[in-house]
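Structure at a glance
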Amino acid sequence: MKVIQLQNVTKTFHRSGGQKLLRHYLEDILGKTDPERFFALKDVSFSVREGESVAVIGANGAGKSTLLSLVTGLAPPSTGTVTVNGRAAALLDLGSGFHPDLTGRENILLNASLLGFSRSRAHALYDKIVEFSELDDFIKEPLRTYSNGMMLRLAFSVAVNLEPQILIIDEVLAVGDQKFQAKCTEKIFEIRNEGRTILCVSHVSPTLRELCDRALWLDHGQLIMDGPIGEVSAAYEGRLTSPA
Amino acid sequence: MWKGDYLFLLQNLVVKDFKIRYRNMSLGVFWSLLNPLVMMSALTFVFTAVFPNNQIENFPIFVLCGLVPFNFFTVAWQNGTISVANNAGLIKRVPVPREIVPIATVLSTCVHLAIQIGLLLSMVIVFGRGVNWNWLWLPVVWGLEILFVCGITLMTSALDVYVRDVRYVVESACTLLFWMVPVFYAIHSVPQSYANLYQFNPLAALILALRTILIDGDSPSSTLLLKLAFSSTLVFAVGLYVFHRLKRQFFDYL
């Protein structure tokens, strides 16, 4: 079964970045601004089958994050179609739903509800999350008292324990100290081995090569290679070292 | 896309807003009471000592019946309007139904409102206007008011994403509104031709209904209730429609 399918997807953005004041609209009408749009993604088509783990690689600004926003349904494509079956939980920008004035516990429950969990389900998963995070008594303290590492640990624990059907990982394989990193990696492998789908955006690393079977290489919004991760990452690294 | 527990989410968001607002205030809920009391005293001083007014009895509760709805309306509307743009992080990263963000902001102001209604009702009793059966109308008129605020907030919060100036328009509208709804004057001081129009403004209609119920001890007139119900429902429907039309492009504009 295809869980993610993109057909001829193009996504363009305004150069202004969207933030608009009345002034900008007036300038548009008076023809003072450059109406040029840039392509974040250009005619991209691919599909991911259930249980596949796919890496998306490419330089900064290649359209990786845009691709993830489309898959999670946050942004509509400019043209083309995006079809996703199942709940995609994104580890995008860990802890984006967190608030520093709320305690760890309150943040966990808030995040669970944001991802669509019912009250009973959220309370049932709560203990598992706390245990995984190893935060112990800190869970009752406001988030602003946490260290950076503790915050990431909490965010990671929430994301991986909320049982996503499609796990989307955005550059977050390196969380916390080495011991916790190992634990995170192990958890992600466990999710993969359960047969769930993983879409991973990251820089090429040995862990990534081990985790994913397939890779998509994006360059300036275009999908230039789609194949087994070994071949794609070799080609990608070849491009980086040889002056093009 | 998002199939989840709306009530649980709404509750969490409302509690979040409320906790954040009060955790950073040493006197907490006291501040909710202080503002209307100060305004009540100032307006009472102006309109009983500076410009003496013999037509209105019990001026303090008369003006409080105007201030409590007015404060609720302006705070909920202004906070709600900026809520979508201010929660860009959430909107861009979590596929929650977008409508829930402005609605939760309005509802979290209701916690604040409940405290102020408590103050209003105790003042009514202190001034010797007892409890009567018509108090049963209170939940009806407040409910319609909240519906109205949700509607207008859905509209302006969606527009604010596209044009950030909307929040300043809302701010000015609130300042203007203080004079255009009968907060510190009676509706019978307004020329008849305008007075009928006033009743279509749900905020003015609510203030009039509150005075009828709490001061006169009467039930609000059916034309007033119908106008309140009609405009609140209409505004809510239009608000939902506008928000629904605009939300698709939120990601690109945040």
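Below or above, wherever it landed, is the structure these notes cover. Just so we're clear, the structure is a prediction, and the values are computed from it rather than from any experiment. (Residues numbered from 1 in each chain as written. Chains lettered and ligands numbered in written order. Predicted model: local features only at pLDDT ≥ 70, side-chain atom pairs only at ≥ 80, totals over all residues. Heavy atoms only, no water.)

1. Details of the overall build of chain A
Helices and strands together make up the secondary structure of chain A, namely eight helices and nine strands. By residue count, 50% of the 244 residues in chain A fall in the buried class. At a minimum sequence separation of 6, the contacts of chain A that also span at least 24 residues come to 71%. Of the roughly 11400 Å² that chain A leaves accessible, carbon and sulfur atoms contribute 51%. (Helix = DSSP H or I, 4+ residues; strand = E, 2+ residues; numbered from the N terminus. Buried < 20%, exposed > 50% of the residue type's maximum accessible area, 1.4 Å probe, protein only. Contact = heavy atoms within 4.5 Å. Areas by Shrake-Rupley, 256 points an atom, 1.4 Å probe, with all protein chains shown as cover.)

2. Quick notes on the pattern of salt bridges
Residues and elements named next belong to chain A. Taken as a whole and judged by the stated rule, the model has twelve salt bridges over all chains. In this structure, the salt-bridge partner of Asp101 is Arg144, at a minimum N-O distance of 2.8 Å. With a gap of 43 residues between them, Asp101 in the loop between β5 (88–91) and α3 (104–114) and Arg144 in the loop between α4 (119–133) and α5 (148–161) connect regions that are remote in the sequence. Owing to a relative accessible area of 10%, Asp101 belongs among the buried residues under this scheme. In this structure, Glu194 and Arg196 form a salt bridge, with 2.2 Å as the shortest nitrogen-oxygen distance. One network of salt bridges, in which partners are shared, links Arg49, Glu52, Arg214 and Asp226. (Salt bridge = Lys/Arg side-chain N within 4 Å of Asp/Glu carboxyl O.)

3. Quick notes on helix α10 (residues 222–246) of chain B
All names here are of chain B. Between its first and last C-alpha, α10 extends 36 Å over 25 residues, near the 36 Å set by a 1.5 Å rise per residue. Looking at α10, one finds that the buried residues are Leu224, Leu225, Lys227, Leu228, Ser231, Ser232, Val235, Gly239, Val242 and Phe243. Where α10 is buried, its residues contact α3 (59–86), α5 (100–126), α6 (137–162), α8 (192–198), α9 (202–214) and α11 (250–253). (Expected span 1.5 Å × (residues − 1).)

4. Describing the side chain of A:Asn107
Residue position: A:Asn107 is located in helix α3. Residues contacting A:Asn107, with those up to four places away along its chain left out, are A:Gly97, A:Phe98, A:His99, A:Leu102 and A:Leu143.

5. Digging into the environment of B:Leu107
Residue and element names in this part refer to chain B. The residue Leu107 is located in helix α5 in this model. Taking the C-alpha atoms as reference points, Leu107 and Cys174, separated by 67 residues in sequence, lie 19 Å from one another. What Leu107 contacts, discounting residues up to four positions off in sequence, is Leu10, Val14 and Ile146.

Purely geometric numbers; function is a separate question.
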